[in-house]
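Working through the structure, step by step
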Amino acid sequence: MSEMTKREGTTPKRVLVWDLPTRLFHWCLVALLGASWLTGEMGEMEWHMRSGIAILTLVLFRLLWGVIGSTTARFTQFVTSPVTALGYARRLLAGKADHYFGHNPLGGWMVLVLLMLVLAQASTGLFSNDDIFTEGPLYHLVTKSTSDWLTGIHKTLFDALLACAALHIAAAFFYLVVKKDNLILPMITGRKQSGDDVHFVLRGTWLAIVGLAVAAAAVWTLLEFA
């Protein structure tokens, strides 16, 4: 289910690789991160916090979906050892990298890093303050000095997140232009062209709805009773 190469004599067909929940998560997260940046720049802190809470819910859902979701969405399918990722990087630079239908070893680590950064970004925002009017919903659980420290981390993490996002986008265009492998379109349509008879276990959308509900309930409980 990992390395897939096109076989001669086979008729290429469109294979469903990315399920709908994974694709919706991806683009909703992009939209919400943009909304968080915009509302923060405009000083619309109430909406900024709302988008942050929505982001936290989405990330918790994705972590859950990485355990119970479709084959290509699972962490066990695309998070490899650092040695494997470095080996893939060497083969990539040499023009001999294997083809992966899901995330390749480098892409898998990038996804994991981005998820952890976004999770940390959203979590620190819960305790932050702007020294004027706005305080995060969990500000009351920490001291002012701790809140100030977490606010600094919250701002620094966003710069790191921007850098990783830029690297993620650059990698996608590298594969598109240099490797002739379009990674962007499949994240919209869910399908990739293949000459192989390959199938993935795809979980039903209803399971994703349950997972999202669990994530939302966890965030609501945290904010309501903490």
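Anything mentioned here points back to the structure above.
Conventions adopted
Residues numbered from 1 in each chain as written. Predicted model: local features only at pLDDT ≥ 70, side-chain atom pairs only at ≥ 80, totals over all residues. Heavy atoms only, no water. Helix = DSSP H or I, 4+ residues; strand = E, 2+ residues; numbered from the N terminus. Expected span 1.5 Å × (residues − 1). Buried < 20%, exposed > 50% of the residue type's maximum accessible area, 1.4 Å probe, protein only. Contact = heavy atoms within 4.5 Å. Core = buried A, V, L, I, M, F, W, Y, C linked by side-chain atoms within 4.5 Å. Phe/Tyr/Trp six-rings, centres within 6.5 Å; stacked < 30°, edge-to-face > 60°. Lys NZ or Arg CZ within 6 Å of the ring centre and 35° of its normal.

1. Focus on helix α2 (residues 45-68)
Taking 1.5 Å per residue, 24 residues should reach 34 Å; α2 reaches 34 Å between its end C-alpha atoms and fits that length. Taken together, the buried positions of α2 are H48, S51, G52, I55, L56, T57, L58, V59, F61, R62, W65 and G66. The elements touched by buried residues of α2 are α1 (20-42), α3 (75-78), α5 (105-125), α6 (144-177) and α8 (205-225).

2. Some remarks on the nonpolar core
Residues F25, L29, I55, F61, W65, L115 and V118 are the most contacted members of the largest nonpolar core, which totals 30 residues. Mapped by element, the contributors of at least two residues to this core are α1, α2, α3, α5, α6 and α8. Those residues in contact with I55 that sit more than four places away from it in its chain are L29, L32, L33, S36, V118 and A122. Ranked by size, the runner-up nonpolar core spans six residues in total, among them W18, F101, M187 and F200.

3. Here's the deal with the packing of aromatic side chains
The tally for this structure, following the rule as stated, stands at five aromatic pairs. With centroids separated by 5.7 Å and ring planes inclined at 65°, the aromatic side chains of F75 and F78 adopt a geometry described as edge-to-face. Taken together, the positions of F75 and F78, both in helix α3 and three residues apart, correspond to about one turn of that helix. For the pair formed by F75 and F78, the shared burial category is buried. Ring geometry for W220 and F225: centres 5.7 Å apart, planes at 85°, overall edge-to-face. The cationic tip of R50 hangs over the ring face of W47; the distance from NZ or CZ to the ring centre is 4.5 Å.

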